[in-house]
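Chain by chain, the residues:
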Amino acid sequence: MDKSDKFFHSVHLDEDACKGCINCIKYCPTQAIRVHNGKAKITPEFCVDCGRCIRYCPHHAKVALYDSLEEIKNYRYTVALPAPSLYSQFNNLTNVDIVLNALISMGFDDVFEVSAAAELVSEATRKYISEHRDDAPFISTACPAIVRIIRVKFPTLLPRLLPLKPPVEIAAEIARAKAIEKTGYPSEDIGIFFISPCPSKVTYARSPLGVKKSQIDKVVAMKDVYPVLLQHMTHDESKLTPIASSGRIGIGWSNAGGESAGLITDNYLACDGIMSALRVLSDLEDEKFYGLKFVELNACNGGCVGGTLTVENPYIATAKTKKLHRYLPVAQTHASSYEDIDYHWSAYVEYEPVFRLGSSFRESLELMGTVEDITEQLPGLDCGSCGAPTCRALAEDIVRGEATRNDCIYAFHEYINNLSNEIGFLTRSLNLSCGNNDESMKILEDYIKKLTTELERKER
């Protein structure tokens, strides 16, 4: 896997829309964004596709790349994989089959619920934890953004990752096998379409962690599917074909804490929101928790219902999910029905030291000392005017050779002030001089040229 595939991203910058404001740098959890020369720039190695910048950019300059619904036409047979959070986007939904039948009506040949696969993964997780209880706690691998942030920032927690495929991958494998058996078509003629609530799952489908190649062919945005579905939905249940095969446990995965609830244990921690997740990961690294068996972390507030490709407010969506629960059994999908499924990872996640300052541990340690020294010289206001989110981030950029101390507006003012004082001193010296002043004039001209260059650079 080359660097472009390893750090493939579904979150991109629209430079034409970017106004050079610094909102995004303040909200990026991995400090992957810088603003220079009036435009933002995303460092691909640092980005984990959490989509937070999309939500907070006031100019809509951060966009998620995903597939078009028109891609359906490129396959002989298509299967939709609706995420559990899709059901929470609709008002007064009492029967999941209303949505599933609408997916068939809008053009898909078949449907397999990701929530059904989630119940299978819950069952596999309970079994895995029971068999490896001495290695607990395990960190959920259902959220791709969380797995990616552990890969680059928390290497000691890599062994804690639950080495099981996420529900969407299990759903894709089952859906493809069923489609091949039903149609007799070769695999390449069958399109597996995941309806995603977030950009991180788009990235997973293209560049997965834990498996060498995903069985998902295309990923479409939930916000694009939503208005089309509304046109095909009917509440006349007599016209519905029974398709639904999941219960409370599977559909509950759409909300924060839903995955943990499916484990039927009290020894868990469930956390939502990328910044809160970072604090939990730091505490896990410091071994501050005791007695936990499982840690569920969701990058989006509220869980998957808070993804940036959804249409409903995440808190309202959570309430809708709870209302829908009233009409569902606890679970409908069981592993005994899919005994040939391998739930385990086929490739382990390796540490990617993208934040390391040097090429070796010794060099990095030395450079960290330099970073501390530079940070002490900066004002410590974390104003973002330099284009970096914090003074320490600017210091790291300086050490990497990607910025200078004068990028700090306060340091720059001090620098200009010193230059002005030097020019004033030289001017007074020239006025007092009665001899050959060619050398002094040359020095004065150099200072003025230097001052002009710095001011022009700042204006850009």
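Our structure's up above, just so we're on the same page.
A few points on the structure.

The next subject is the overall build of the chain. Counting secondary structure elements, the chain contains 17 helices and 11 strands. Principal axes of the C-alpha set define a box for the chain whose edges measure 105 × 50 × 40 Å. Residue burial in the chain is summarised as follows: out of 460 residues, 51% are buried. Within the chain, contacts between residues at least 6 apart in sequence are counted, and of these 78% link residues at least 24 apart. Here the chain has roughly 22200 Å² of accessible surface; of this, 49% comes from carbon and sulfur atoms. Across the chain, the 50 positively charged side chains and the 61 negatively charged ones have centroids separated by 2 Å.

Here we take up the packing of helix 6 (residues 144-153) against helix 8 (residues 199-206). Following both chains from N to C, one finds helix 6 and helix 8 inclined at 70°, their axes separated by 8 Å at the closest point. With respect to helix 8, the element helix 6 is oriented roughly perpendicular. Packed against helix 6, whose contacting residues are P144, A145 and R148, the element helix 8 presents S200, K201, T203 and Y204 at the interface. Of the residues that constitute the contact of helix 6 with helix 8, the class distribution is 3 nonpolar, 2 polar and 2 charged.

The next point concerns the nonpolar core. With 70 residues, the main nonpolar core has L81, L103, F112 and L229 as its most contacted residues. In terms of residue count, helix 5 (residues 114-131) provides more of this core than any other element does, 9 residues in total. L103 has contacts with A80, P82, F108, V111, I195, V225 and L229, leaving out every residue within four places of it along the chain. Core analysis: the second largest hydrophobic core is formed by 28 residues, V48, I146, I149 and L269 among them.

All chains considered together, the criterion is met by 12 salt bridges. In this structure, E70 engages K73 in a salt bridge whose closest nitrogen and oxygen atoms are separated by 2.7 Å. Residue E372 is joined to R392 by a salt bridge in which the shortest nitrogen-to-oxygen separation is 2.6 Å. Of this pair, E372 sits in helix 14 (residues 361-377) while R392 sits in helix 15 (residues 391-400), placing them 20 residues apart in sequence. For R392, a relative accessible area of 31% corresponds to the partly exposed category.

Looking now at helix 8. Taking burial as the measure, the 8 residues of helix 8 include 7 buried ones, the bulk of the element. P199, S200, K201, V202, T203, Y204 and A205 are the residues of helix 8 that are buried.

Moving on to the environment of V280. Looking at the element boundaries, V280 is found in helix 12 (residues 274-285). Taking the C-alpha atoms as reference points, V280 and V295, 15 residues apart in sequence, are found 9.1 Å from one another. Excluding residues within four positions of it along the chain, V280 makes contact with L269, C271, F289, V295 and L297.

Attention now goes to the sheet that holds strand 5 (residues 77-82). Ordered in space as 6-5-8-9, the 4 strands form an open sheet in which the pairing is parallel. Two strands close off the open sheet at either side, each with one partner strand: strand 6 (110-111) and strand 9 (218-221). The strands touched by helix 7 (residues 167-183) within the sheet are strand 5 and strand 8 (190-196), with strand 5 carrying the most contacts at an inclination of about 155°.

Now for the packing of aromatic side chains. Given two aromatic rings, their pairing is described by the distance between the two centres and the angle made by the two planes. Using the criterion set out here, one finds 8 aromatic pairs in the structure. Plain terms: the ring middles of F46 and F355 are 4.4 Å apart, the flat faces sit at 20° to each other, and that makes the pair stacked. Taken together, the residues span a long stretch of sequence, with F46 in the loop between strand 3 (39-42) and helix 3 (52-56) and F355 in the loop between helix 13 (314-325) and helix 14 at a distance of 309 residues. With centroids separated by 6.0 Å and ring planes inclined at 80°, the aromatic side chains of W345 and Y348 adopt a geometry described as edge-to-face. Linked through ring pairs, Y75, F108 and F193 together constitute an aromatic cluster. Over the aromatic face of Y185 sits the side chain of R76, whose NZ or CZ is 3.8 Å from the ring centroid. Sitting over the ring of F355, K153 keeps its end group 4.7 Å from the ring centre.

Conventions and cut-offs
- For every chain, the first residue of its written sequence is number 1, and the numbers climb from 1 along that sequence.
- Totals for whole chains, interfaces and linings use every residue, but because this is a predicted model, local features are given only for residues with pLDDT of at least 70 and side-chain atom pairs only at 80 or more, for both listing and counting.
- Side-chain numbers come from the whole structure's heavy atoms, not from hydrogens or water.
- A run of DSSP states H or I qualifies as a helix once it reaches four residues; a run of E qualifies as a strand once it reaches two. Both are numbered from the N-terminal end.
- Each residue gets one of three labels from its accessible area relative to the maximum for its type: buried under 20%, exposed over 50%, partly exposed in between, using a 1.4 Å probe on protein chains only.
- Contact criterion: two residues are considered in contact whenever any of their non-hydrogen atoms come within 4.5 Å of each other.
- Using a 1.4 Å probe, the Shrake-Rupley method yields the accessible areas, and only the shown protein chains count as cover for residues.
- Under the convention used here, Asp and Glu are negative, Lys and Arg are positive, and both His and the chain ends fall outside the count.
- Lysine's charge is taken at NZ, arginine's at CZ, aspartate's at CG and glutamate's at CD.
- The axes used here are C-alpha line fits, helices contributing only the stretch in contact, and every angle between their N-to-C directions lies in the interval 0 to 180 degrees.
- The labels follow the angle: roughly parallel below 35 degrees, roughly antiparallel above 145, roughly perpendicular from 65 to 115, and oblique for the rest.
- Each residue is assigned to one class: nonpolar for Ala, Val, Leu, Ile, Met, Phe, Trp, Tyr, Cys and Pro, charged for Asp, Glu, Lys and Arg, and polar for all the others, Gly among them.
- Definition of nonpolar core: a set of buried residues of the types Ala, Val, Leu, Ile, Met, Phe, Trp, Tyr and Cys, connected through side-chain atoms within 4.5 Å.
- For this analysis, a salt bridge means a side-chain nitrogen from Lys or Arg found within 4 Å of a carboxyl oxygen belonging to Asp or Glu.
- Only strands that DSSP links by at least two bridges are regarded as paired with each other.
- Any two rings among Phe, Tyr and Trp, with Trp reduced to its six-membered ring, count as a pair given centres within 6.5 Å; such a pair is stacked if its planes are under 30 degrees apart, edge-to-face if over 60, and tilted if neither.
- In our convention, an over-ring charge means Lys NZ or Arg CZ found within 6 Å of a ring centre and within 35 degrees of that ring's normal.

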